[in-house]
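Understanding the architecture of this molecule
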Amino acid sequence: MPPSPPRHRPAGAGPKCGEPALKDSFCRPDPSPPPTNGTVRPCINIDTWSYRPGSGQFITILEFQEGTLRSIQYGDRIP
């Protein structure tokens, strides 16, 4: 069975976390060496979703790479 194609947009976080206050998407250069079969992946698709959960809580930033959650970072406390 061939591998499934990569997801390029986060799936699953929206229904669980709600709509983010801010979304950003960009293409990060791929640091890995090019494949030997001649194909090239020009970049890694990155999506960041920022949440403001409410007063007294911390801004929460989810980072997705190729549609898969890779990190959760916490920012400043919301006054």
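The shown structure was predicted, so the numbers you read here are calculated from the model rather than taken from an experiment. (Residues numbered from 1 in each chain as written. Predicted model: local features only at pLDDT ≥ 70, side-chain atom pairs only at ≥ 80, totals over all residues. Heavy atoms only, no water.)

Some points on the overall build of the protein
This is how it is decided: Strands here mean DSSP runs of E at least two residues long; helices mean DSSP runs of H or I at least four residues long; both are numbered from the N terminus. Note on exposure labels: buried denotes an accessible area under 20% of the residue type's maximum, exposed denotes more than 50%, and partly exposed covers the range between, all computed with a 1.4 Å probe on protein chains only. Residue contacts are defined here by distance: any two heavy atoms, one from each residue, within 4.5 Å place the two residues in contact.
Within the protein, the secondary structure is distributed over 1 helix and 4 strands. In the protein, the succession of α and β elements from N to C terminus is α-β-β-β-β. The proportion of buried residues among the 79 residues of the protein is 23%. Intrachain contacts of the protein at a sequence separation of at least 6 include 34% that bridge at least 24 residues.

A short note on unusual backbone geometry
Most peptide bonds are trans, and most residues other than glycine sit at a negative phi. Located in the positive-phi region is E66, a residue other than glycine, with phi close to 50°. For E66, the location among the structural elements is in the loop between β3 (58–65) and β4 (68–77). Under the relative-accessibility criterion, E66 is labelled buried at 14%.

Thoughts on the sheet that holds β3
We apply this condition: Two strands qualify as a pair provided that DSSP identifies no fewer than 2 bridges between them. Geometry is summarised by axes, namely lines fitted to C-alpha atoms with helices restricted to the contacting stretch, and by angles between N-to-C directions that run from 0 to 180 degrees.
Reading across from one edge, β1-β2-β3-β4 is the order of the 4 strands in this open sheet, with antiparallel pairing throughout. With one partner strand each, in any of the chains shown, β1 (22–29) and β4 form the two edges of the open sheet. Strand-to-strand twist across the sheet, computed as the mean angle between neighbouring axes with direction ignored, equals 20°. As defined by bridge partners, strand β2 (residues 43–51) adjoins β3 across 6 bridges and the pair is classed as antiparallel. Across the sheet, the residue bridging to I46 is Q65, located in β3.

Concerning the confidence of the model for the protein
Definition in use: Confidence of the prediction at every residue is given by pLDDT, a number between 0 and 100.
In the predicted model, the protein carries a mean pLDDT of 82, and the fraction of residues at 70 or more is 80%. Below pLDDT 50 for its whole length, residues 1–8 participates in 8 contacts with residues either more than four positions away or in separate chains.

Quick look at the state of the cysteines
Filter applied, for reference: Defined by distance alone, a disulfide is two cysteine sulfur atoms within 2.5 Å.
The full count for this structure, using the stated rule, is 1 disulfide. With a sulfur-sulfur separation of 1.4 Å, C27 is cross-linked through a disulfide to C43. Here C27 and C43 share a disulfide; its torsion about the S-S bond, 55°, makes the bridge right-handed. Of the two residues, C27 is situated in strand β1 and C43 in strand β2; the sequence distance between them amounts to 16 residues.

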